[in-house]
Amino acid sequence: MLRDITLGQYMPGNTIVHRLDPRTKILLTIVYIAMIFCVSSPVWYVIPLVYVALCAKLSGITVKQLLKTIKPLRFLLLITFVLNLFFSSGDTIWFQWGFIKITKEGVMTAVHFSMRLIFLVAGTSILTLTTSPIALCDGIEVLLKPLSKIGFPSHELAMMMTIALRFIPTLIEEADKIMKAQMARGADFESGNLFKRAKAMVPLLVPLFVSAFRRAGELAMAMEARCYHGGEGRTRMRVLKFGKIDLYAALVTLATLVLTILCGKWFA
């Protein structure tokens with residue numbers, strides 16, 4: 001179950017998407033998120049679908065791997081769908097039993113918001129799957145560097161985000177080991193109602209938090225032993241440079257965004 005979580009994992013490769021500048025991928029991910037929120041009808045999710053499929057094809061990511069990024073959110077998707085289905089107002093009633101009412105508008109809203117969540121997760125997962133934590137840190141730091149003139153700690157923020165992404169797979173692996181050890185001792189994490197299952201998670205969360213704090217302490221001592229004192233005066237082994245491939249990717253993404261907006265206005 002825990003191994004289905006792919007957040008923070010990086011898949012090494014030499015594809016077109018892997019070779020993009022990390023700053024380009026971060027900015028295009030922001031444009032992609034704006035694109036998703038510009039979709040006015042579930043029908044027009046076909047445009048982001050083609051875009052995500054193209055990005056996945058060029059990055060060597062399979063459909064199975066993309067679906068794996070969505071799998072941990074299945075309960076959130078179910079809750080989102082049900083809440084929008086039964087609590088959205090509408091005039092075209094399809095089914096009614098007592099206070100339970102399903103309308104055409106409610107169904108469309110439920111499908112719309114569920115698909116929005118799916119596309120947000122699938123599209124943004126391509127960023128972390130094709131960008132190493134170090135490159136992601138460098139890209140975020142460079143993009144936020146102009147804010148350092150007003151005292152914004154761009155390097156420290158980028159470092160914290162990178163460390164968080166780096167240790168997500170480690171903590172997931174640690175939690176999986178603790179869960180298997182607890183199950184070998186008779187612990188049951190699957191049966192019972194919601195409260196019993198939440199109570200059963202306590203023997204898992206306590207050692208996990210202890211392990212996380214221990215790792216944080218060891219990391220802080222290692223950084224201090226190597227005389228790390230922030231980003232001032234530091235140089236990079238790899239200097240980020242934009243290329244033609246970044247320009248082509250930006251043009252394609254912006255064209256897709258414009259097409260999404262125009263389709264929403266013309267065929268609303």
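As shown above, the structure is provided for reference.
Fair warning: this is a prediction, and the values are worked out from it, not measured in the lab.

1. Observations concerning the pattern of salt bridges
Considering all chains together, one arrives at 5 salt bridges under this definition. Where D21 meets R23, a salt bridge forms, and the shortest distance between an N and an O atom there is 2.9 Å. A salt bridge links K177 to E173, with the shortest nitrogen-to-oxygen separation between them at 3.8 Å. Taken as a pair, K177 and E173 lie in helix 8 (residues 154–184) at a separation of 4 residues, close to a single helical turn. Here E173 falls in the partly exposed class, since its relative accessible area comes to 39%.

2. Digging into helix 3 (residues 46–59)
One full turn of an α-helix is made of 3.6 residues, so residues set three or four places apart face in the same direction. For helix 3, spanning 14 residues, the distance from its first C-alpha to its last is 20 Å, which sits close to the expected 20 Å at 1.5 Å a residue. Within helix 3, the full set of buried residues consists of I47, P48, Y51, V52, C55, A56 and S59. Taken end-on, helix 3 shows its buried residues confined to a sector of 165°, consistent with a single buried face. Within helix 3, the exposed residues directed more than 90 degrees away from the buried face are V50 and K57. Check the buried side of helix 3 and you find it contacts helix 1 (16–19), helix 2 (22–38), helix 4 (63–70), helix 6 (104–130) and helix 11 (244–266). Downstream of helix 3 by a residue or two, G60 has a phi angle that is positive, lying close to 80°.

3. Concerning the nonpolar core
Y32, I36, V52, I61, L66, F119 and I126 are the most contacted members of the largest nonpolar core, which has 22 residues in total. Counting only elements with at least two residues in this core, the list comes to helix 2, helix 3, helix 4 and helix 6. Look past the residues within four positions of I61 in its chain and what remains in contact with it is A56, L66, I126, L129 and T130. If you look at the next biggest cluster of nonpolar residues, it comprises 7 residues, including I26, C137, A158 and L165.

4. Topic: the side chain of S114
One can find S114 in helix 6. Here the side chain of S114 touches A110 through a polar contact of 2.8 Å, landing on its backbone oxygen. When sequence neighbours within four positions are dropped, the list of residues in contact with S114 reads L77, T80 and F81.

5. Details of the packing of helix 7 (residues 133–144) against helix 8
For any two helices packed against each other, one specifies the inter-axial angle together with the distance between the axes. Running from amino to carboxyl end, helix 7 crosses helix 8 at an angle of 155°, the nearest separation of the two axes being 8 Å. By the angle between their axes, helix 7 is roughly antiparallel relative to helix 8. When the axes of helix 7 and helix 8 are compared, the crossing they make is right-handed. On helix 8, the residues touching P133, I134, L136, C137, I140, E141 and L144 of helix 7 are S154, H155, L157, A158, M159, M161, T162 and L165. Partitioning the contact of helix 7 with helix 8 into residue classes produces 11 nonpolar, 3 polar and 1 charged.

Rules used throughout
- Residues numbered from 1 in each chain as written.
- Predicted model: local features only at pLDDT ≥ 70, side-chain atom pairs only at ≥ 80, totals over all residues.
- Heavy atoms only, no water.
- Salt bridge = Lys/Arg side-chain N within 4 Å of Asp/Glu carboxyl O.
- Helix = DSSP H or I, 4+ residues; strand = E, 2+ residues; numbered from the N terminus.
- Buried < 20%, exposed > 50% of the residue type's maximum accessible area, 1.4 Å probe, protein only.
- Expected span 1.5 Å × (residues − 1).
- Arc of directions from axis to C-beta.
- Contact = heavy atoms within 4.5 Å.
- Core = buried A, V, L, I, M, F, W, Y, C linked by side-chain atoms within 4.5 Å.
- Polar contact = N/O pair within 3.5 Å; in protein donor to acceptor, adjacent residues only side chain to side chain.
- Axes fitted to C-alpha atoms, helices over the stretch in contact; angles between N-to-C directions.
- Parallel < 35°, antiparallel > 145°, perpendicular 65-115°, else oblique.
- Left-handed = near helix turned anticlockwise from the far one by under 90°.
- Nonpolar A, V, L, I, M, F, W, Y, C, P; charged D, E, K, R; others polar.

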